[in-house]
Amino acid sequence: MLQTINLENQMTIELYFSNQLDQLADRFSDVVTDEIRGKDNILEAPVVIVPNSNLAKWLQLLLAEKNSIFMNVGFQYLEAGLWGMLAALDPAENKPDRVDNDQLKIFLLHILQNLDRSDADFIPITHYLFGEDGAERPDDAARLWQLSEKIAHLFKEYEFHRTDMIQKWAVAATETEGMERCQQRLFTQLKILRDELASRTGKQLLSTMEYADLVLPSARQDGSKAADLQSLHFF
């Protein structure tokens, strides 16, 4: 499926369906070519959201073969593309940075390394990492890193698929139990750590969902901002 969102024309959406990728690629080529010809600045690259680098490379090779040349097209992954849309809607001069998976893993690794083992809320994690006796083991470092990776992945998934739970966790008075309580405490400490970093560097780190919650309410009230956005293509 090829989806084109024209943000310069009252946010119209055009959808193209086919079970043949070659046909979609041909249509994509025509749409992008028409867009470039209609731009005031022909050096402004069209933005194309793709699920992976393999599809981007296939499109580049196929359309280069079809058109003899194919260049100056900005391929982005979904989250980076959405972040760019939000940044274009954000009127602030000092825009936040997007917190990525690697940063989340480092933050969580720091939290887990400095975990209060006597805190009852963290028992599920301390038992997994250090055992009931708390004795050091040869694979402790590997366990810490693997758990940091897993929790970082879960927190990203929660933001997109369990938004209600994440919003509930943000309220300090929320009562949770067991493993959910453990995750809520980690999530809270993660936010505290990011806020401390922001206070030192002057640069806020936000997830895509947090940025959307910050920007979209005012953007809905001021529809004129959307008129400045360029078209987006999802392939």
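Quick look at the structure, then. The model shown is predicted, which means the values in this text are computed figures rather than measured ones.

Turning next to the overall build of the chain. Helix and strand content of the chain: nine helices and seven strands. Taking all 235 residues of the chain together, 38% fall into the buried category. Long-range contacts, defined here as pairs at least 24 residues apart, represent 68% of the contacts in the chain between residues at least 6 apart.

Our next topic: the packing of helix 4 (residues 101–113) against helix 6 (residues 140–161). Contact pair helix 4 / helix 6: the axes reach a minimum separation of 8 Å and the direction vectors enclose 125 degrees. As the angle between them shows, helix 4 and helix 6 are arranged oblique. Along this stretch, helix 4 crosses helix 6, giving a crossing that reads as right-handed. Touching Asn101, Leu104, Lys105, Ile106, Leu108, Leu109, Leu112 and Gln113 of helix 4 are Leu144, Trp145, Leu147, Ser148, Glu149, Ile151, Ala152, Phe155 and Lys156, all from helix 6.

This part covers the packing of helix 1 (residues 21–37) against helix 2 (residues 53–67). Across the interface, helix 1 lies against helix 2 with an axial gap of 10 Å and an inter-helix angle of 70 degrees. Here helix 1 is positioned roughly perpendicular relative to helix 2, judged by the angle of their axes. Helix 2 is crossed by helix 1, and the crossing has right-handed handedness. Counted together, Leu21, Asp22, Ala25, Asp26, Phe28 and Ser29 of helix 1 and Trp58, Leu59, Leu62, Leu63, Lys66 and Asn67 of helix 2 form the full contact between these two elements.

Overall, the coordinates contain seven aromatic pairs when judged by the stated rule. The interplanar angle of 75 degrees and the centroid separation of 5.7 Å between the aromatic rings of Phe28 and Phe235 together place this pair among those described as edge-to-face. Taken together, the residues Phe28 in helix 1 and Phe235 in the segment after strand 7 (232–234) connect sequence positions 207 residues apart. Taking the centre distance of 5.4 Å and the plane angle of 90 degrees together, the rings of Phe155 and Phe187 count as edge-to-face. Residue Phe155 is located in helix 6, and its partner Phe187 is located in helix 8 (residues 178–201); the two are separated by 32 residues in the primary sequence. A relative accessible area of 3% places Phe155 in the buried class. One aromatic cluster is present, formed by Phe155, Tyr158, Trp169 and Phe187 through successive ring pairs.

Where nonpolar side chains cluster on the molecular surface, the patch consists of Ile13, Leu15 and Phe17 and spans about 340 Å² of accessible area. One can find Leu15 in strand 2 (residues 12–16). Given the relative accessible area of 43%, Leu15 is considered partly exposed.

Take helix 3 (residues 78–89) next. A turn of α-helix holds 3.6 residues, and therefore any two residues three or four places apart point the same way. Over its twelve residues, helix 3 runs 17 Å from end to end, which matches the ideal 16 Å to within 8%, given 1.5 Å per residue. Taken as a whole, helix 3 has its buried residues at Glu79, Gly81, Trp83, Leu86, Ala87 and Leu89.

Here we take up the nonpolar core. Judged by nonpolar contacts, the single largest core of 27 residues is most densely connected at Ile125, Phe155 and Leu186. Those elements giving two or more residues to this core turn out to be helix 4, helix 5 (123–130), helix 6, helix 7 (163–169) and helix 8. Other than its neighbours up to four places away in sequence, Leu186 contacts Ile111, Leu112, Leu115, Phe122, Ile125, Ile151 and Phe155. Core analysis: the next-biggest nonpolar cluster, separate from the first, contains 15 residues, Leu24, Val32, Val48 and Phe70 among them.

Rules used throughout
Residues numbered from 1 in each chain as written. Predicted model: local features only at pLDDT ≥ 70, side-chain atom pairs only at ≥ 80, totals over all residues. Heavy atoms only, no water. Helix = DSSP H or I, 4+ residues; strand = E, 2+ residues; numbered from the N terminus. Buried < 20%, exposed > 50% of the residue type's maximum accessible area, 1.4 Å probe, protein only. Contact = heavy atoms within 4.5 Å. Axes fitted to C-alpha atoms, helices over the stretch in contact; angles between N-to-C directions. Parallel < 35°, antiparallel > 145°, perpendicular 65-115°, else oblique. Left-handed = near helix turned anticlockwise from the far one by under 90°. Phe/Tyr/Trp six-rings, centres within 6.5 Å; stacked < 30°, edge-to-face > 60°. Patch = residues over 30% accessible without salt bridge, like charges linked within 9 Å, V, L, I, M, F, W, Y side chains within 5 Å. Areas by Shrake-Rupley, 256 points an atom, 1.4 Å probe, with all protein chains shown as cover. Salt bridge = Lys/Arg side-chain N within 4 Å of Asp/Glu carboxyl O. Expected span 1.5 Å × (residues − 1). Core = buried A, V, L, I, M, F, W, Y, C linked by side-chain atoms within 4.5 Å.

Keep in mind these numbers describe shape, not what the thing actually does.
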